[in-house]
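Chain by chain, the residues run as shown.
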Amino acid sequence: RIVLPAMVTRLSGEDGHVNPDIEERYARFAQGEPGLIVVEAMGISQSKSGPLLRIGGDEFLPGLSRLARRIHDTSTTKVVPQIIHFLKIARNGWRQTIHDLSAGDIAEIINQFAQAAARAKRAGFDGVELHMAHAYTMSSFLSRKNRRRDEWGGSLDNRLRAPTRVLRAVRAAVGDDFLLGIRFDGEECITDGYSLRDAQQIA
């Protein structure tokens, strides 16, 4: 069966809520009856994110529930949202990095993933995909560029710590009967990035 991967449509407003344009786009995808639709990335925090869907609070549940129900009413296609955490970027060009995060910040990100996944289940989705690719927060922990000098960086075991804890927290939040996927890079494709051999160990 065909899987439709997550692709940001930029149809969402700045408020991050599901709107009629989003519903129509995914209903049309569902008419083609792929085996699985992965809905475009949804932010798990309350940070402003431009035209990106969000799942970081219960106020987004009504729209997300409508979207899941619309897809299920259209076909037998299964549907999961992709959920993502991204670091802050200021208008003056300053960018937060994982090296700026405290242990408390990391714990909060792990909790945000778990709460967002639980919200996806309450909304009626069939599972959730964790975004750990493309230099976003979890990808940056996995990266060879992660040179933190504590338990969260350096060795591959340490670089895997945050993503693994996210995985465990999400599984605990949604139970064993909920599809759980992870999108991560097969290789980083940057100078001194991790290779396919590293990716095999990460997988």
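Residues numbered from 1 in each chain as written. Predicted model: local features only at pLDDT ≥ 70, side-chain atom pairs only at ≥ 80, totals over all residues. Heavy atoms only, no water.

## Remarks on the layout of surface pockets
Thought 1: Considering only enclosed or pocket space, the largest pocket measures out at about 940 Å³ in volume.
Thought 2: For the largest pocket, the lining is made up of 38 residues, of which Phe-86, Leu-87, Ile-89, Arg-95 and Tyr-136 are closest to its centre.
Thought 3: Only strand E2 (36-43), strand E4 (78-84) and helix H4 (137-142) provide two or more residues apiece to the lining of the largest pocket.
Thought 4: Looking at the lining of the largest pocket, the element that brings in the most residues is H4, giving three residues.
Thought 5: Within the lining of the largest pocket, the residues separate by chemical class into 14 nonpolar, 14 polar and ten charged.
Thought 6: Reported here for the second largest pocket is a volume of approximately 190 Å³.
Thought 7: Lining of the second largest pocket is provided by Ser-45, Ser-47, His-85, Phe-86, Leu-87, Lys-88, Gln-96, Leu-101, Asp-105, Glu-108, Ile-109 and Gln-112.
Thought 8: Looking at the lining of the second largest pocket, its residues break down into four nonpolar, five polar and three charged. (1 Å grid on protein atoms, 1.4 Å probe; cavity = no way out; pocket = protein on both sides within 12 Å on 5 of 7 lines; lining within 4 Å. Points joined across faces, edges and corners; volume = space filled by probe spheres on them. Helix = DSSP H or I, 4+ residues; strand = E, 2+ residues; numbered from the N terminus. Nonpolar A, V, L, I, M, F, W, Y, C, P; charged D, E, K, R; others polar.)

## Here we look at the environment of Gly-56
Thought 1: In this structure, Gly-56 sits in the loop between strand E3 (53-54) and helix H2 (61-74).
Thought 2: Judged by its relative accessible area of 17%, Gly-56 is buried.
Thought 3: Sequence separation between Gly-56 and Gly-181 is 125 residues, and the spatial gap between their C-alpha atoms is 19 Å.
Thought 4: Setting aside anything within four residues of it in sequence, one finds Gly-56 in contact with Gly-43, Ile-44, Ser-45, Gln-46 and Arg-119. (Buried < 20%, exposed > 50% of the residue type's maximum accessible area, 1.4 Å probe, protein only. Contact = heavy atoms within 4.5 Å.)

## Some thoughts on the nonpolar core
Thought 1: Counting residues in hydrophobic clusters, the biggest one holds 49 residues, and the most contacted among them are Val-39, Ile-83, Phe-113, Phe-125 and Leu-130.
Thought 2: If you tally residues by element for this core, the top one is helix H3 (residues 103-122), at seven residues.
Thought 3: Excluding its chain neighbours within four sequence positions, the residues that come into contact with Val-39 are Ala-6, Tyr-26, Leu-53, Leu-67, Val-79, Val-80, Pro-81, Gln-82 and Phe-125. (Core = buried A, V, L, I, M, F, W, Y, C linked by side-chain atoms within 4.5 Å.)

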